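Listed below, chain by chain, are the residues.
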Amino acid sequence: ALQLKQTAHWRCRRLHGIRYFDTSPYYGHSEKSLGRALVASGHDRSSFLVATKCGRDRAGGLAIDHSPDACVASLHASLVDLGMDYVDILYIHDIEFSDPRLIAEHTLPALAELKRQGLVRHLGLSGYPLEKFPAVIERSAVEVDVILSYARLNLADNTLLDML
């Protein structure tokens, strides 16, 4: 394990042109590992982008909580784990598991306040079913900057093209 961590730190020092890192507290210890590696890289914070997520169980379990309080607390914990003052993108993770009204009318406004405070640069939504994105975006007074959906623009499934 130590050798793996040292290798990750060495590789991160060089970055190999990689400037975008996507993580989540749901992914185990990834935020702490990434944060240590990026600090060890010696690169200026403004030279790379870090995205994380909120709304899924920090312990990697199945619990989902997209409430404003849970998402705000999750970001603060993520900042500590990453060792950073801000994240470039904060996604609400797997929006398909919550009522779109909760996210649009309560959670996004709470996260917009974090954006105004400089703790988040951009707000995003992540999920698989594409129809969930308009259900949130059309209800919210808060502008969503980024959408992350996986496996929806490839040779087998190009349904994301219909939303572009």
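Each remark here, short or long, concerns the structure printed above.
Residues numbered from 1 in each chain as written. Predicted model: local features only at pLDDT ≥ 70, side-chain atom pairs only at ≥ 80, totals over all residues. Heavy atoms only, no water.

Asks: An account of the sheet that holds strand 2 (residues 49–54) is requested, with residue identities and associated values reported.
Replies: The sheet built from five strands is open, its strands ordered 1-2-3-4-5 with parallel pairing. Both outer strands of the open sheet, strand 1 (20–22) and strand 5 (146–148), are each paired with one neighbouring strand and no more. Recorded for the sheet is a direction-independent mean angle of 25 degrees between the axes of neighbouring strands. In terms of strand pairing, strand 1 meets strand 2 through three bridges, oriented parallel. Bridged to Tyr 20 within strand 2 is Leu 49. Seen against the sheet, helix 4 (residues 100–116) touches strand 2, strand 3 (87–92) and strand 4 (120–126) and runs at an angle of roughly 155 degrees to strand 4. (Pairing = 2+ DSSP bridges. Helix = DSSP H or I, 4+ residues; strand = E, 2+ residues; numbered from the N terminus. Axes fitted to C-alpha atoms, helices over the stretch in contact; angles between N-to-C directions. Contact = heavy atoms within 4.5 Å.)

Asks: If you had to explain the nonpolar core to someone new, which residues and values would you point to?
Replies: Grouped together as the largest cluster of nonpolar side chains are 31 residues, with contacts concentrated most on Leu 75, Ile 92, Leu 108, Leu 111, Val 120 and Leu 125. Where this core is concerned, the elements lending two or more residues are helix 2 (30–41), strand 2, helix 3 (68–82), strand 3, helix 4, strand 4 and helix 5 (132–137). Considering each element in turn, this core owes the most residues, six residues, to helix 4. Non-local contacts of Leu 111, meaning those with residues more than four positions away in its chain, are made with Cys 54, Cys 71, Val 72, Leu 90, Ile 92 and Leu 123. (Core = buried A, V, L, I, M, F, W, Y, C linked by side-chain atoms within 4.5 Å. Buried < 20%, exposed > 50% of the residue type's maximum accessible area, 1.4 Å probe, protein only.)

Asks: Go over helix 4, please, and point to the residues and values.
Replies: Over its 17 residues, helix 4 extends 23 Å from the first C-alpha to the last, a length consistent with the 24 Å expected when each residue adds 1.5 Å. The sharpest bend along helix 4 comes to roughly 35 degrees, located at Thr 107, with the proline Pro 109 sitting one to four residues further on. Listed as buried for helix 4 are Pro 100, Ile 103, Ala 104, Thr 107, Leu 108, Ala 110, Leu 111, Ala 112 and Leu 114. In this structure, the buried side of helix 4 is in contact with strand 2, helix 3, strand 3, strand 4 and helix 5. With a side-chain oxygen lying 2.8 Å from the backbone nitrogen of Arg 101, the N-terminal cap of helix 4 falls on Asp 99. Where helix 4 ends, the next residue or the one after it, Gly 118, has phi of about 85 degrees, a positive value. (Expected span 1.5 Å × (residues − 1). Bend = angle between axes of the 7 residues up to and from the residue. Polar contact = N/O pair within 3.5 Å; in protein donor to acceptor, adjacent residues only side chain to side chain.)

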